[in-house]
Amino acid sequence: MFEYFRPTRQAPSLDLISIEQLVQDGIRGLIIDLDNTMTPWNDVEVVPKVAEWFIKVKAAGIQACVVSNNKKRQRVAVVAERIGIPFVFRATKPRRRAFRAGMGLLGTGPKDTAVIGDQLFTDILGGNRLGLYTILVTPINEHEFIGTRVVRQIEKVLVWMMKRFAPAKPFSPKIH
Ligand SMILES: [Mg+2]
């Protein structure tokens, strides 16, 4: 039962997945989740370190595609086209046909394909059902959430300190 939810490997983010390791493990194709794996949820921004990681993937001779459950074709297409890779939208992960569609685009099979995603119940479960190599990444929004919390705490301290030690000057009186 639990084997279905256990990824082969884990990484803090997409760009920290070792391409050398993938090559060493015989991986030739990547099925990559979109929301919270490649970009923040429903965002089309691809950060430079992710774009650079994809260049290295290509240079290593590994094929990649986006397989997303997102229902909006345009949203998935914009990101996939920026990277220059094919995509499947409305993919119905964890259903096996979603991953078969990905492997169809890549021209790879269960032995040399890895699934990368942030969700156990869609990405990891689905990949494991077909016996694929699976990699769980921490959702991008979770990173941001922790960051935001820290920033807010710092903000609070700064506001308190300013009030206490350096009160803001009042507006200068109107000159008529
Ligand atoms: Mg996701």
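In the block above lies the structure referred to throughout.
Residues numbered from 1 in each chain as written. Predicted model: local features only at pLDDT ≥ 70, side-chain atom pairs only at ≥ 80, totals over all residues. Heavy atoms only, no water.

Visitor: Give me the lowdown on the coordination of the magnesium ion, citing residues and values where you can.
Guide: Under perfect tetrahedral coordination by four donors, a metal shows angles of 109.5 degrees; under perfect octahedral coordination by six donors, it shows angles of 90 or 180 degrees. Looking at the metal site, the magnesium ion is ligated by Asp 33 (OD), Asp 35 (O) and Asp 118 (OD), spaced 2.1 to 2.3 Å from it. Look at where the donors of the magnesium ion fall in the sequence and you get D-x1-D-x82-D. Highlighted residues: Asp 35 in the loop between β2 (29-32) and α2 (48-59) and Asp 118 in the loop between β5 (113-117) and α5 (120-129), separated in sequence by 83 residues. Each member of the pair Asp 35 and Asp 118 is classed as buried. (Donors = N, O, S within 2.8 Å, 3.2 Å for Na, K, Ca; no water. Helix = DSSP H or I, 4+ residues; strand = E, 2+ residues; numbered from the N terminus. Buried < 20%, exposed > 50% of the residue type's maximum accessible area, 1.4 Å probe, protein only.)

Visitor: Before we move on, can you summarise unusual backbone geometry with the specific residues and values?
Guide: A cis amide bond links Lys 93 to the next residue, Pro 94, at an omega of 15°. As for its placement among the helices and strands, Pro 94 is situated in the loop between β4 (87-88) and α4 (96-106). The backbone phi angle of Arg 90 is positive, close to 50°, even though this residue is not glycine. Secondary-structure assignment places Arg 90 in the loop between β4 and α4.

Visitor: Account for the packing of aromatic side chains, with residues named and values stated.
Guide: Taken as a whole and assessed by the stated rule, the structure comprises two aromatic pairs. Ring centres of Trp 53 and Phe 54 lie 5.1 Å apart, and the angle between their planes is 85°; on these two criteria the pair is classed as edge-to-face. For Trp 53, a relative accessible area of 2% gives the class buried. For Phe 54, a relative accessible area of 6% translates into the label buried. (Phe/Tyr/Trp six-rings, centres within 6.5 Å; stacked < 30°, edge-to-face > 60°.)

Visitor: Before we move on, can you summarise α2 with the specific residues and values?
Guide: Compared with an ideal rise of 1.5 Å per residue, which puts twelve residues at 16 Å, α2 spans 17 Å between its outermost C-alpha atoms and is within 8% of the ideal. Residues of α2 that are buried: Val 50, Trp 53, Phe 54 and Val 57. The buried residues of α2 occupy an angular sector of 100° when the element is viewed end-on, so they sit on one face. In α2, the exposed positions angled more than 90 degrees off the buried face are occupied by Pro 48, Ile 55, Lys 56, Lys 58 and Ala 59. The elements touched by buried residues of α2 are α1 (19-24), β2, β3 (63-67), α3 (73-83) and β5. (Expected span 1.5 Å × (residues − 1). Arc of directions from axis to C-beta. Contact = heavy atoms within 4.5 Å.)

Visitor: Any details on the pairing of β3? Residues and values, ideally.
Guide: Most of β3 sits inside the fold, with four of its five residues counted as buried. Relative to β3, β2 runs parallel, the two being bridged by four bridges. Bridging across to β3, Ile 31 finds its partner in Cys 65. Examined bridge by bridge, β3 and β4 share two bridges and lie parallel to one another. Paired with Val 66 across the strands is Phe 87, a residue of β4. (Pairing = 2+ DSSP bridges.)

Visitor: Go over the nonpolar core with me, naming the residues and quoting the values.
Guide: Of all hydrophobic cores here, the largest spans 30 residues; its most connected members are Leu 30, Trp 53 and Phe 54. The set of elements that each furnish at least two residues to this core consists of α1, β2, α2, β3, α3, β5 and β6 (133-137). Sorting elements by how many residues they give to this core places α3 first, with five residues. Setting aside anything within four residues of it in sequence, one finds Phe 54 in contact with Leu 14, Ile 32, Met 38, Ala 64, Ile 83 and Ile 85. With twelve residues, the next largest nonpolar core counts Cys 65, Phe 99, Leu 106 and Val 115 among its residues. (Core = buried A, V, L, I, M, F, W, Y, C linked by side-chain atoms within 4.5 Å.)

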